[in-house]
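Now for the letters of each chain:
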Amino acid sequence: MKPIYFLCTFILLSLFMHLTVEWIVPFCETTSSYWYLSNERKINSDAKVLVLGDSQIVTGVTPQLIAEMEDVTINEVLYLPKPSQQPEGILLESLEVLSKIPKLKKVYVNLSPLNTSKNSVTDANRQLFLSFGSFSLYTITHPLLRKAYFSNLTDLSWKLIIKIFPYFGLSSNINRLVYDPIAQIDVSRRKKEFLYIKESMEKNQGSWVWKFIGDDPNLDEKEEFPHRSSQVLSGKRELSIHLWFEFIRLWKERGVKVVFLRIPFSPKMEKDILETKANLVADEFFQTIKAEVGPKRSVEVLDFKSEFLEDYQYFGDLTHLNQKGRDAFAVILKKALFDHTHSTAQGM
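Quantities reported herein were computed from a predicted structural model and do not represent experimental measurements. Numbers given to residues run from 1 along each chain, matching the order in which its sequence is written. With pLDDT at 70 or above as the cut-off, local features in this predicted model cover only qualifying residues; side-chain atom pairs require 80 or more to be listed or tallied, and sums for whole chains, interfaces and linings still use all residues. The side-chain quantities take in all heavy atoms of the structure and omit both hydrogens and water.

Thoughts on helix H1 (residues 2-24)
Part 1 of the argument: Helical segments are the DSSP runs of H or I of at least four residues, strand segments are the runs of E of at least two, and each set is numbered from the N terminus. The span you would expect from a helix comes to 1.5 Å times its residue count less one. Between its first and last C-alpha, H1 extends 31 Å over 23 residues, near the 33 Å set by a 1.5 Å rise per residue.
Part 2 of the argument: The angle between axes fitted to the seven residues ending at a residue and the seven residues starting there is what we call the bend at that residue. The largest bend in H1 is about 35°, located at His18.
Part 3 of the argument: Within the span of H1, buried status applies to Ser14, Met17, Thr20, Val21 and Ile24.
Part 4 of the argument: By definition in these notes, contact holds between two residues if any of their heavy atoms fall within 4.5 Å. For H1, the secondary structure elements touched by its buried residues are helix H2 (30-38), helix H9 (153-164) and helix H10 (171-179). Each residue gets one of three labels from its accessible area relative to the maximum for its type: buried under 20%, exposed over 50%, partly exposed in between, using a 1.4 Å probe on protein chains only.

Here is the structure:
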């Protein structure tokens, strides 16, 4: 009887966790809440434009803006960015929607030193995938994705455990609520953010000014960016570069154009990145893909890292635009796209 007893216990425990996990997620930090809620997104087979990337896209580029620039309806824009997203996640999302959106013509994605180097965001992305990401067959069959997510059996086993017992995916969040006074004080804000993110998923495919819960966040110009702390972003993560080239190859083979955006960070962070030469890997990658010439180039690069070097009022924190910054960025993005389209047409 013991095996049956244990089996029934495990089944009931798993069922209980799956039924109640949504009550606990609102207590989690912002990125975890966003990843959890992003699983509710629907894939529209009529999509003509796909948007991928991290929280810089979430806060800086709206589906409405993309629809306006590409002269399509809002329903023809599929918006799938996630905070802390890395090229492995972007490639995985691409593979998963590939056969579901046959009318696709263009993909927008952002690239920066945060997703070309090995840093804390890389580790955070892996944990977010294990906790909330889809358990896709591609993560096992595709060699680059397998290397990124399941380099050993322990990782694969942990993913299986979290799928069966989802509370384990929330453990780091819940543990901090027990021992971290700052996390305890932040509970009220976390619950509000969860509601705003949920609303953004329902009404705007997840587009949300980062940390917005009613008032536009503003970066204090006096806030210090630790000198040369961007040095960690200057190194090259070889796997990231391979993943980016695989991402380009995937869409190029299907005749889909890829537009890379380099969305600006806050002024002090950009200046520190410039000093530590943390842009070199991304810039080198951009130069390589821009080497393709002709009016029908499959890849375009729109680099805006130097646009807001004195405009602190456009940022909610060190890495994200606020609503005012989003509006200002929309203007320069539309102009850049118009100028590029116009110059291409002139050359034909």
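Observations regarding unusual backbone geometry
Glycine aside, the phi torsion of most residues is negative, and most peptide linkages are trans.
Part 1 of the argument: For Asp71, which is not glycine, the phi torsion reads 55° and is therefore positive.
Part 2 of the argument: Turning to its location among the elements, Asp71 is positioned in the loop between helix H4 (63-70) and strand S2 (77-79).
Part 3 of the argument: Classification of Asp71 as exposed rests on a relative accessible area of 72%.
Part 4 of the argument: Even without being a glycine, Arg228 presents a positive backbone phi close to 60°.
Part 5 of the argument: Tracing the sequence through the fold places Arg228 in the loop between helix H12 (187-204) and helix H13 (238-252).

Side note on the packing of aromatic side chains
Part 1 of the argument: Think of it this way: a Phe, Tyr or Trp ring, Trp meaning its six-membered ring, pairs with another when their centres are within 6.5 Å, and the plane angle makes it stacked under 30 degrees, edge-to-face over 60, tilted otherwise. In total, this model carries 21 aromatic pairs according to the counting rule given.
Part 2 of the argument: Aromatic pair Phe129 and Phe150: ring centres 5.9 Å apart, planes at 55°, arrangement tilted. Here Phe129, found in helix H6 (residues 120-132), pairs with Phe150, found in the loop between helix H8 (143-149) and H9; they are 21 residues apart in sequence, far enough to count as distant. The burial state of Phe129 is the same as that of Phe150; both residues are buried.
Part 3 of the argument: Taken together, a centroid distance of 5.9 Å and an interplanar angle of 55° make the contact between Phe135 and Phe150 tilted. One end of the pair, Phe135, is in the loop between H6 and helix H7 (138-141); the other, Phe150, is in the loop between H8 and H9, with 15 residues separating them in the sequence.
Part 4 of the argument: Assessed through its relative accessible area of 29%, Phe135 is described here as partly exposed.
Part 5 of the argument: According to the relative accessible area criterion, Phe150 is buried, its value standing at 8%.
Part 6 of the argument: In textbook terms, an aromatic cluster arises when at least three aromatic residues are bridged by ring pairs, as seen for Trp244, Phe245, Phe247, Phe260, Phe285 and Phe286.

Some words on the pattern of salt bridges
Part 1 of the argument: The salt bridge definition used is simple: a Lys or Arg side-chain nitrogen within 4 Å of an Asp or Glu carboxyl oxygen. Applying the stated rule across the entire model yields 25 salt bridges.
Part 2 of the argument: We note a salt bridge from Arg237 to Glu88, for which the minimum N-O separation is 3.0 Å. In this pair, Arg237 sits in the loop between H12 and H13 while Glu88 sits in helix H5 (residues 87-97), placing the two residues 149 residues apart along the sequence. By the burial criterion, Arg237 is buried, and Glu88 matches it.
Part 3 of the argument: Here Lys268 makes a salt bridge to Glu224, at a shortest N to O gap of 3.9 Å. A residue pair is termed long-range when its members are at least 10 positions apart, and Lys268 in helix H14 (residues 267-276) and Glu224 in the loop between H12 and H13 qualify at 44 residues.
Part 4 of the argument: With a relative accessible area of 23%, Lys268 lands in the partly exposed category.

What to know about a nonpolar patch on the surface
Part 1 of the argument: Patch criteria: residues need more than 30% relative accessible area and no salt bridge. Like-charged residues are merged within 9 Å; nonpolar side chains of Val, Leu, Ile, Met, Phe, Trp and Tyr are merged within 5 Å. Only the protein chains shown count as cover for residues, with accessible areas throughout obtained via the Shrake-Rupley method and a probe of 1.4 Å. Together, Tyr5, Phe6 and Phe10 line one region of the surface with nonpolar side chains, adding up to about 370 Å² of accessible area.
Part 2 of the argument: Within the secondary structure, Phe10 sits in helix H1.
Part 3 of the argument: According to the relative accessible area criterion, Phe10 is partly exposed, its value standing at 46%.

Considerations on the pairing of strand S5 (residues 299-303)
Part 1 of the argument: Counting buried residues in S5 gives four out of five residues, a clear majority hidden from the surface.
Part 2 of the argument: Relative to S5, strand S4 (residues 257-262) runs parallel, the two sharing five bridges. Of the residues in S5, the one forming a bridge with Val258 is Val299. DSSP bridges decide pairing: two strands pair if at least two such bridges lie between them.

Things to note about the sheet that holds S4
Part 1 of the argument: Across the sheet, which stays open at both edges, the five strands sit in the order S2-S1-S3-S4-S5 with parallel pairing between neighbours. Of all the strands in the sheet, just S2 and S5 have a single pairing partner and so form its edges. Strand-to-strand twist across the sheet, computed as the mean angle between neighbouring axes with direction ignored, equals 15°. As a rule, the C-alpha atoms of each element are fitted with a line to give its axis, helices using only the stretch in contact, and angles between N-to-C directions run from 0 to 180 degrees.

Quick look at H2
Part 1 of the argument: Of all nine residues making up H2, eight are buried, and the element is well covered by its neighbours.
Part 2 of the argument: When we look at burial in H2, the residues that qualify are Thr30, Thr31, Ser32, Ser33, Tyr34, Trp35, Leu37 and Ser38.
Part 3 of the argument: Where H2 is buried, its residues touch helix H3 (55-60), H6, H10 and H12.
Part 4 of the argument: Under this definition, polar contacts are N or O atom pairs within 3.5 Å; protein pairs additionally need one hydrogen-donor-capable and one acceptor-capable atom, and for neighbouring residues in sequence, both atoms have to be side-chain atoms. Taking the backbone nitrogen of Thr31 as reference, a side-chain oxygen 2.9 Å away marks Glu29 as the first, capping residue of H2.

Some words on the packing of H13 against helix H15 (residues 280-289)
Part 1 of the argument: At a minimum axis separation of 12 Å, H13 and H15 run at an interaxial angle of 30°. In terms of orientation, H13 and H15 fall into the roughly parallel class. The handedness of the crossing between H13 and H15 is right-handed. In this structure, H13 uses Ile241, Trp244, Phe245 and Ile248 to contact H15, whose residues at the interface are Val281, Phe285, Thr288 and Ile289.
Part 2 of the argument: Three classes are used, and their members are as follows: Ala, Val, Leu, Ile, Met, Phe, Trp, Tyr, Cys and Pro are nonpolar, Asp, Glu, Lys and Arg are charged, and the others, Gly among them, are polar. For the contact of H13 with H15, the per-class residue count stands at seven nonpolar, one polar and no charged. Orientation is classified from the angle alone, with under 35 degrees giving roughly parallel, over 145 giving roughly antiparallel, 65 to 115 giving roughly perpendicular, and any other angle giving oblique. The hand of a helix crossing depends on one turn: near helix anticlockwise from the far one by less than a right angle means left-handed, and clockwise means right-handed.

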